[in-house]
Amino acid sequence: MKRITIPLLALILAGCTHEKNALIEQGNYKIDRGNYTVDTRITSANANERIRFLVMHYTAVDDKESLRLLTQPDGGASAHYLIPSVPAVDGGKPVVLGLVPERRRAWHAGVSHWAQRDNLNDTSIGIEIVNLGFTEGLTGKHWYPYTPEQIELVARMAQDIATRYGISPDNILAHSDIAPQRKHDPGPLFPWEMLAKRGIGAWPSKEAVVKYLAGRDPAATASVKVIQTALAKYGYQIPQNGELDEETRKVLIAFQMHFRPSDISGSADAQTEALALALVEKYRQ
Ligand SMILES: [Zn+2]
């Protein structure tokens, strides 16, 4: 029995994410991979994290259905994390369901684009929040609110994940930011401004917005071309034709759900232009 103890320990260490640190503590720089060995004495500093984005979603269905859709083995959707409608509490801490390990690629973003990148599943962590989304009524869309417990858990997770991977504020995104033609989640009731006050995600400076508004009525009609140029520079996939066509309008709605949730009509107004220019000034100069 004693003869299998050491290889067994090596195997356990090799399977651990912090395998190298564990091995160094053991005074051993070799990783045994069964029929070959890795020498880790010399490592390169020329590397960065593969994970660059954090993407927020709502599931649009209840707890039971969310869990079923995100875990059924049909090659459909998945996400790294699922926040239930009422997160459990364990030892005083809220509990999130970890459905896919962070080092694996979850299928939450679909066809997507941000800045210079496509297919964000490759480079992101996805958080799904149980929320019914919206119902269509006579007065337009009625959105379902998030609970304070869900938002507190989102905030703690976003802070932790962004810190661990060095994700920049402008890369903490809504699904609707990266797929504005298809997606509305996490919707206008997701509290981006409140999270930004806690240091999570991007937000334009008030002074810059006032500067770019330049005394205009916030609802005044603005140049579609200026808005398209600014939003493309900030990261959105948006036409550059100077026309408020259907595709452009959907991007404006996505942008407004994130940065101006009080009016998500998709209009090309002065406030939208000022917000876009202020974000470019802060994050793209
Ligand atoms: Zn989504």
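In what follows, the structure referred to is the one given above.
The structure displayed is predicted, hence computed values, not measured ones.

Conventions used here
Residues numbered from 1 in each chain as written. Predicted model: local features only at pLDDT ≥ 70, side-chain atom pairs only at ≥ 80, totals over all residues. Heavy atoms only, no water. Buried < 20%, exposed > 50% of the residue type's maximum accessible area, 1.4 Å probe, protein only. Helix = DSSP H or I, 4+ residues; strand = E, 2+ residues; numbered from the N terminus. Pairing = 2+ DSSP bridges. Salt bridge = Lys/Arg side-chain N within 4 Å of Asp/Glu carboxyl O.

With six of six residues buried, strand S3 (residues 53-58) is to be regarded as a mostly interior element. Along S3, one buried face is formed by Phe53, Val55 and His57 and the opposite face, lined by Leu54, Met56 and Tyr58, is buried too. Across six bridges, S3 lies against strand S10 (residues 124-129) in parallel orientation. Pairing of Met56 across the sheet is with Ile127, part of S10.

To continue, consider the pattern of salt bridges. Here the structure, examined in full by the defined rule, presents 14 salt bridges. In this structure, Asp39 and Arg41 form a salt bridge, with 2.6 Å as the shortest nitrogen-oxygen distance. For Asp39, a relative accessible area of 42% translates into the label partly exposed. Note that Asp263 and Arg260 form a salt bridge whose closest N and O atoms lie 3.4 Å from each other. On the accessibility criterion, Asp263 (29% relative accessible area) is partly exposed. Residue class for Arg260 comes out buried when judged on its relative accessible area of 6%.

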